[in-house]
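# Observations on the three-dimensional arrangement
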Amino acid sequence: MKKVYLPIIVILAWLLFLAINADWEYDEAWSFTSIETYSISETIAYSPYYYANNHIINSLWFYAVAALHTIHPLLYRLLSVISGIVYIYFIFRVLELRSGKQIDWWAAIFLLLPFTLFFAMGRGYAIAFAATTASHYYLIRYLNKQSAKDYLRFVVIGCIASLSIFSFIFCFAAMLVLLAWKEMRMYAAKQIKPIAKDVILKLAGIVLLLPVLWYIYRCGHIINDKDPSIIGSASLAGNGTLSSLLSYICMQGIAEGRMFTVLRLLFAGSMLPILYVLAKRRRVYYEFIILGIVSLLLMISHYALGSLYPMGRSAAYYIIFLYMVFYLAYLQGNKKLFVPHFLVVAGLGIVLLYFATQNTLLPKGKDAFKIVYEDKCYTLYTDNSNDNYKIYNQHLFDNKIELLTYKLPDDYRTISDTAKYCLVARKEVNDVLPSLGYKLILRTQVGNLYKKER
């Protein structure tokens with residue numbers, strides 16, 4: 001068991017390191033400034049705080065932490081770190097329950113690496129990943145033991161996953177459809193008989209489920225209508241959900257050009273031997289049935305209700321359930337055919353962690369603000385609308401620094417005579433400033449601080 005726990009402890013320590021030292025991420029900072037602007041009731045009602053970034057459970061957590069009057073991001077990320085522990089625990093429980101075997105230590109790393117950074121960020125995704133895995137575990141337990149308590153746990157935790165990220169309702173709904181189908185078959189075969197206590201617990205689950213479904217439907221409509229920048233697609237395959245998942249795993253935004261294409265081909269190509277093994281065995285896994293139902297529900301929702309298909313991390317349940325099947329199939333033999341793909345995924349995850357760690361070792365954005373403030377220069381030109389600048393300015397420097405944001409490189413040519421300091425993140429702007437007489441004086445996690453040489 002020490003072989004199992006040691007690498008997990010290392011990963012969790014790494015997550016905690018990132019959660020402590022990483023600067024405010026864009027959406028985290030947006031969530032923080034939003035809860036300062038809107039009341040709890042306005043946030044829950046998605047009016048006027050109607051953005052997709054309003055991950056409601058995470059937003060409520062931010063309200064609770066903000067009551068402590070702290071701006072250190074660790075406490076705002078703590079729920080995500082705890083979710084990482086829950087995720088690992090239930091990944092092991094599901095795989096052990098499904099296989100009847102002790103799980104290899106590296107299984108947790110393999111199933112964790114694609115999502116590692118979200119367990120160190122104050123977003124709703126980590127909660128959704130953990131709750132989806134836990135609800136799946138209790139679904140399998142219920143199907144095996146017919147315990148109404150497991151049914152109630154499945155419903156409650158599935159509701160949590162769906163509220164954390166609304167697109168996860170499709171995964172939860174697919175599990176409900178599978179459960180209903182299995183129940184009807186067992187009742188028809190007279191394999192189960194209704195017991196009063198069990199009926200009451202199941203009714204309690206339905207009573208909880210219905211308002212959650214209504215809430216997600218209502219708020220989802222608000223987001224679709226009022227947040228035109230929501231990340232979504234009109235396609236399930238092609239340039240839609242499935243393609244975006246491939247890009248997400250292959251470090252879109254970090255890898256560029258030919259390297260990005262190579263990584264996508266390497267990832268997809270290493271998966272082909274596994275798909276061959278699965279096709280040859282012709283075994284139907286619960287997880288594949290669930291994903292098939294998810295795809296059907298997404299299409300029905302798209303064509304009947306006009307909803308967009310989720311993209312990338314918003315549909316990460318495809319990856320979680322797919323890799324559960326991969327690992328279960330790996331345990332049954334032909335293990336050599338699985339190793340190349342496992343190594344590719346592990347390699348991508350390690351590289352992603354490397355870049356994240358490298359960036360985290362840089363000074364924070366507040367250090368750049370401190371230089372500007374101590375120089376008694378109360379104007380700072382930026383190219384980034386990240387709300388973490390507002391957090392520093394308001395909570396650390398009494399809003400004394402005037403923030404002027406310019407997004408295009410040519411904008412700096414017109415203000416270069418008056419801008420003493422510039423804090424910029426975009427590559428094209430970084431390329432322009434030295435030619436305008438600016439010297440780089442500090443690299444931070446949120447951008448580079450330049451000072452005008454006079």
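Residues numbered from 1 in each chain as written. Predicted model: local features only at pLDDT ≥ 70, side-chain atom pairs only at ≥ 80, totals over all residues. Heavy atoms only, no water.

### A look at the nonpolar core
Here is the rule: Among buried residues, the Ala, Val, Leu, Ile, Met, Phe, Trp, Tyr and Cys ones that are joined through side-chain atoms within 4.5 Å form a nonpolar core. Only protein chains enter the accessibility calculation, which uses a 1.4 Å probe. A residue is then buried if its area is under 20% of the maximum for its type, exposed if over 50%, and partly exposed in between. Helix and strand definitions follow DSSP, with helices as H or I runs of at least four residues and strands as E runs of at least two, each counted in order from the N terminus. Contacts between residues were defined by any pair of non-hydrogen atoms, one from each residue, lying within 4.5 Å.
Of all hydrophobic cores here, the largest spans 106 residues; its most connected members are Phe115, Phe129, Phe154, Phe267, Val294, Tyr317 and Tyr318. The leading source of residues in this core is helix 14 (residues 317–330), at 14 residues. If sequence neighbours within four positions are ignored, Val294 has contacts with Phe170, Cys171, Ala174, Tyr317 and Tyr318. Within the second largest apolar cluster, 23 residues are counted, among which are Leu380, Ile391, Tyr392 and Val446.

### Overview of the confidence of the model for the protein chain
Selection rule: pLDDT is defined as a per-residue confidence score from the predictor, taking values between 0 and 100.
Averaged over the protein chain, the pLDDT score is 87; the fraction of residues at 70 or greater is 93%. Ranking the elements of the protein chain by mean pLDDT puts helix 6 (residues 106–112) last with 65 and helix 4 (residues 56–66) first with 96.

### A few points about the side chain of His136
Within the secondary structure, His136 sits in helix 7 (residues 125–145). A relative accessible area of 0% places His136 in the buried class.

### What about the environment of Phe119?
By secondary structure assignment, the location of Phe119 is in the loop between helix 6 and helix 7. Take Phe119: its relative accessible area is 0%, and that puts it in the buried class. The spatial distance from the C-alpha of Phe119 to the C-alpha of Ala130 is 9.6 Å, given a sequence separation of 11 residues.

### Notes on the sheet that holds strand 4 (residues 402–405)
We count it as follows: Any two strands with at least two DSSP-identified bridges between them are counted as paired. Angles run from 0 to 180 degrees between N-to-C directions of axes, and those axes are lines fitted to C-alpha atoms, restricted for helices to the stretch in contact.
Pairing is mixed across the open sheet formed by five strands, whose spatial order is 4-3-5-7-6. What marks the edges here is a single partner per strand, and that holds for strand 4 and strand 6 (438–444). Shown here is a sheet whose adjacent strand axes are inclined to one another by a mean of 25°, direction ignored. Where strand 5 (residues 421–424) meets strand 7 (residues 447–452), four bridges bridge the pair, whose relative direction is antiparallel. The partner of Leu423 across the bridge, within strand 7, is Leu449. Helix 16 (residues 365–374) contacts strand 3 (379–382), strand 4, strand 5, strand 6 and strand 7 of the sheet and is inclined by roughly 140° relative to strand 6.

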